[in-house]
Amino acid sequence: MTVPTLGERYLAYIDRLNRRDWNGLRDFVDDDVIYNGESIGFAAYRAMLVTNCNDIPDLQFVIGMVVADGAHLASRLLFDCTPVGFFMGLPVNGQRVTFSENVFYRFDRARIAEVWSVVDKAAIEAQL
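The model shown is predicted, which means the values in this text are computed figures rather than measured ones.

So, about the packing of aromatic side chains. Following the criterion strictly, the structure yields nine aromatic pairs and no others. Grouping aromatic residues by their ring pairs yields a cluster made of Tyr-10, Tyr-13, Phe-28, Tyr-105 and Phe-107.

Below, the structure is given as structure tokens:
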């Protein structure tokens, strides 16, 4: 059996997100994960993703680009979705919006240990 590449691990992680396999995330995310500089741990990271999907029922994570180097991976995620109420403090209220997220990951032992996320909020504001 071959060891999956970092890119293959990431594709499997995104697949879990899109299938809403919340229990399966533990295979991909470190117990002590850091998100945007804050040590939040697995439970809070998982809860954040669950909340995002509850607030945006049609949310799908579409990979636009992936670059991996050593223990780091960068991804541009593309979204075309319909948040039901407020999203990022904006009154989207069921309007379809498209935007991207640039997200950078540091992996440790093949699991996500650190995440840096930047959502293109200006793109959302321009559509409202």
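Picking up where we left off.
Below, the discussion takes up the pairing of strand E1 (residues 29-35). Relative to strand E8 (residues 111-119), E1 is paired through three bridges, and the arrangement is parallel. By the bridge assignment, Ile-34 is partnered in E8 with Glu-114. Judged from the two bridges that link them, E1 and strand E2 (residues 38-39) form a sheet pairing that is antiparallel. Pairing of Ile-34 across the sheet is with Ser-39, part of E2.

The next thing to look at is the nonpolar core. Within soluble globular proteins, side chains that are nonpolar generally end up buried alongside one another. In terms of nonpolar packing, the biggest core is built from 33 residues, with Tyr-13, Phe-61 and Tyr-105 touching the most fellow members. Mapped onto this core, the elements with two or more residues apiece are helix H1 (6-19), E1, helix H2 (41-55), strand E4 (72-81), strand E7 (97-108) and E8.

Relative to the helices and strands, Arg-16 resides in helix H1. The exposure class assigned to Arg-16 is buried, which follows from its relative accessible area of 18%. There is a polar contact of 2.9 Å between the side chain of Arg-16 and the backbone oxygen of Gly-24. Those residues in contact with Arg-16 that sit more than four places away from it in its chain are Asp-21, Gly-24, Leu-25, Asp-27 and Phe-28.

Moving on to the pattern of salt bridges. For the coordinates displayed, the defined rule picks out ten salt bridges. The partner of Arg-16 in a salt bridge is Asp-27, with the nearest N and O atoms 3.3 Å apart. Pair noted here: Arg-16 is in helix H1 and Asp-27 is in the loop between H1 and E1, with a separation of eleven residues, a long-range link. The exposure class of Asp-27 is partly exposed, given its relative accessible area of 45%. With a closest N to O distance of 3.5 Å, Arg-111 and Asp-31 form a salt bridge. Here Arg-111 is found in strand E8, whereas its partner Asp-31 is found in strand E1, with 80 residues between them in sequence.

Another point: the side chain of Glu-114. Position of Glu-114 among the secondary structure elements: in strand E8. Taking relative accessible area as the criterion, Glu-114 reaches 14% and is therefore assigned buried. Glu-114 has contacts with Val-33, Ile-34, Phe-104, Tyr-105 and Arg-106, leaving out every residue within four places of it along the chain.

With a phi close to 60°, Arg-20 is a non-glycine residue in the positive phi region. By the secondary structure assignment, Arg-20 is in the loop between H1 and E1. With phi around 50°, Asn-36 is a residue other than glycine that occupies positive phi space. Along the polypeptide, Asn-36 turns up in the loop between E1 and E2. Among the residues examined, Asn-36 registers a relative accessible area of 40% and is labelled partly exposed.

Analysis parameters
Within any chain, residue numbers begin from 1 and follow the written order of that chain's sequence. Totals for whole chains, interfaces and linings use all residues, but because this is a predicted model, local features are given only for residues with pLDDT of at least 70 and pairs of side-chain atoms are given and counted only at 80 or more. Calculation of side-chain values draws on the structure's entire complement of heavy atoms; hydrogens and water are dropped beforehand. Each aromatic pair joins two rings of Phe, Tyr and Trp (for Trp, the six-membered one) with centres within 6.5 Å, and gets the label stacked for planes under 30 degrees apart, edge-to-face for over 60, and tilted for any other angle. Here, a strand pair is defined by DSSP locating no fewer than two bridges between the strands. Starting at the N terminus, helices and strands are each numbered in turn, a helix being any DSSP run of H or I of at least four residues and a strand any DSSP run of E of at least two. Here the nonpolar core consists of buried residues drawn from Ala, Val, Leu, Ile, Met, Phe, Trp, Tyr and Cys, with membership extended through side-chain atoms lying within 4.5 Å. Throughout, exposure labels follow a simple rule: accessible area from a 1.4 Å probe, protein chains only, divided by the maximum for the residue type, with under 20% read as buried, over 50% as exposed, and the rest as partly exposed. Within 3.5 Å is the distance limit for a polar contact, defined as a pair of N or O atoms, with the added protein rule that one can donate a hydrogen and the other accept it, and that residues adjacent in sequence qualify only through two side-chain atoms. Throughout, a residue-residue contact means that at least one pair of heavy atoms, one from each residue, lies within 4.5 Å. By definition, a salt bridge exists where a carboxyl oxygen of Asp or Glu is found within 4 Å of a side-chain nitrogen of Lys or Arg.

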